[in-house]
Amino acid sequence: AVYADGMLGNVIEIDNGKYTVRYCGLGDNLLCKKGDVVKQGDSIGVVGEVPLESSEESHIHLEILKDGVWQNPDNYLG
């Protein structure tokens, strides 16, 4: 899914059937659209703004769900 959210900014949601990963706070120049197949290493966008976290420096807000349950992204990032 690709959509704009008032609190999270531009969002790209990637679902592989087991995990759903949401990249929030992307800039307006998104590099993929709904239905595109992406693989590890593909560029999907650039850092933009996360309205909910506007007091912080520019960053990507990352959300991970496993089988619909929220996960701590730190457990998945090396």
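Residues numbered from 1 in each chain as written. Predicted model: local features only at pLDDT ≥ 70, side-chain atom pairs only at ≥ 80, totals over all residues. Heavy atoms only, no water.

Draft legend 1. Structural view of unusual backbone geometry. The backbone of Asp67 sits at a positive phi, close to 50 degrees, despite the residue not being glycine. Summarising the element assignment, Asp67 is placed in the loop between β4 (61–66) and β5 (69–71). On the basis of relative accessibility, which here comes to 57%, the residue Asp67 falls in the exposed class. (Helix = DSSP H or I, 4+ residues; strand = E, 2+ residues; numbered from the N terminus. Buried < 20%, exposed > 50% of the residue type's maximum accessible area, 1.4 Å probe, protein only.)

Draft legend 2. Highlighting the sheet that holds β4. With respect to topology, 5 strands assemble into an open sheet ordered β1-β2-β3-β4-β5, the strand pairing being antiparallel. The open sheet is flanked by β1 (2–5) and β5, the only strands paired with a single partner. The sheet shows a mean angle of 30 degrees between the axes of neighbouring strands, taken without regard to direction. Alignment of strand β3 (residues 19–26) against β4, held across 6 bridges, turns out to be antiparallel. The residue bridging Tyr19 from the neighbouring strand is Lys66, located in β4. (Pairing = 2+ DSSP bridges. Axes fitted to C-alpha atoms, helices over the stretch in contact; angles between N-to-C directions.)

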